[in-house]
Amino acid sequence: MALEIVWTAGAERDLAELHLQLFLGSDENDELVARLLEAPLEENLRLLRDHPELAPRVRGKPNIRRKVLGYRNHLGLFYCVEKRGIIIHALLDLRQDPKMIAQRLSRI
């Protein structure tokens, strides 16, 4: 049985910010957002529903897993698997300073 996907408020903010970043400076906004964000995200969420333990655990945070959203993609989906479902905690640009990512994950 596939698990439900539950987005935290922080992860929803991350998604909204990524949408804004992708829309800035592009005349092909809808296509760009679909290609770089929405399609890889939906594909990965489908995979995680059926295989929730697919992604490796984050070092130092054994309850959190990180799924990179595809080949040549710089976005990481950080989540936990719980009885109530797959809890999405963050959607982050993996090119940023690792200390910033660690700081964000420390609040989970």
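Not measured: the values here are computed from a predicted model. (Residues numbered from 1 in each chain as written. Predicted model: local features only at pLDDT ≥ 70, side-chain atom pairs only at ≥ 80, totals over all residues. Heavy atoms only, no water.)

A. Highlighting the overall build of the chain. Scanning the chain from terminus to terminus reveals 3 helices and 5 strands. Ordered by position from N to C terminus, the α and β elements of the chain give β-α-α-β-β-β-β-α. Considering only contacts within the chain whose residues lie at least 6 apart along the sequence, 44% involve residues at least 24 apart. As displayed, the chain has an accessible area near 7,100 Å², and 52% of this comes from carbon and sulfur atoms. (Helix = DSSP H or I, 4+ residues; strand = E, 2+ residues; numbered from the N terminus. Contact = heavy atoms within 4.5 Å. Areas by Shrake-Rupley, 256 points an atom, 1.4 Å probe, with all protein chains shown as cover.)

B. Main features of the side chain of Arg-104. By the element assignment, Arg-104 lies in helix 3 (residues 98-106). Of the polar contacts made by the side chain of Arg-104, one reaches the backbone oxygen of Gly-10; its length is 3.4 Å. Leave out the neighbours within four places in its chain, and Arg-104 touches Gly-10, Ala-11, Asp-14, His-89, Ala-90 and Leu-92. (Polar contact = N/O pair within 3.5 Å; in protein donor to acceptor, adjacent residues only side chain to side chain.)

C. Examining the pattern of salt bridges more closely. Inspection of the entire model under this criterion finds 3 salt bridges. Where Asp-14 meets Arg-104, a salt bridge forms, and the shortest distance between an N and an O atom there is 2.9 Å. Of this pair, Asp-14 sits in helix 1 (residues 9-23) while Arg-104 sits in helix 3, and the two are 90 residues apart along the sequence. Residue Asp-14 is classed as buried on the basis of its relative accessible area, which comes to 8%. Given a relative accessible area of 16%, Arg-104 falls into the buried group. Its salt-bridge partner being Arg-84, residue Glu-82 comes within 3.1 Å of it at the nearest N-O pair. Accessibility expressed as a relative area gives 34% for Glu-82, which makes it partly exposed. What makes Arg-84 exposed here is its relative accessible area of 54%. (Salt bridge = Lys/Arg side-chain N within 4 Å of Asp/Glu carboxyl O. Buried < 20%, exposed > 50% of the residue type's maximum accessible area, 1.4 Å probe, protein only.)

Note that every value here comes from positions in space, so none of it alone points to a role or purpose.
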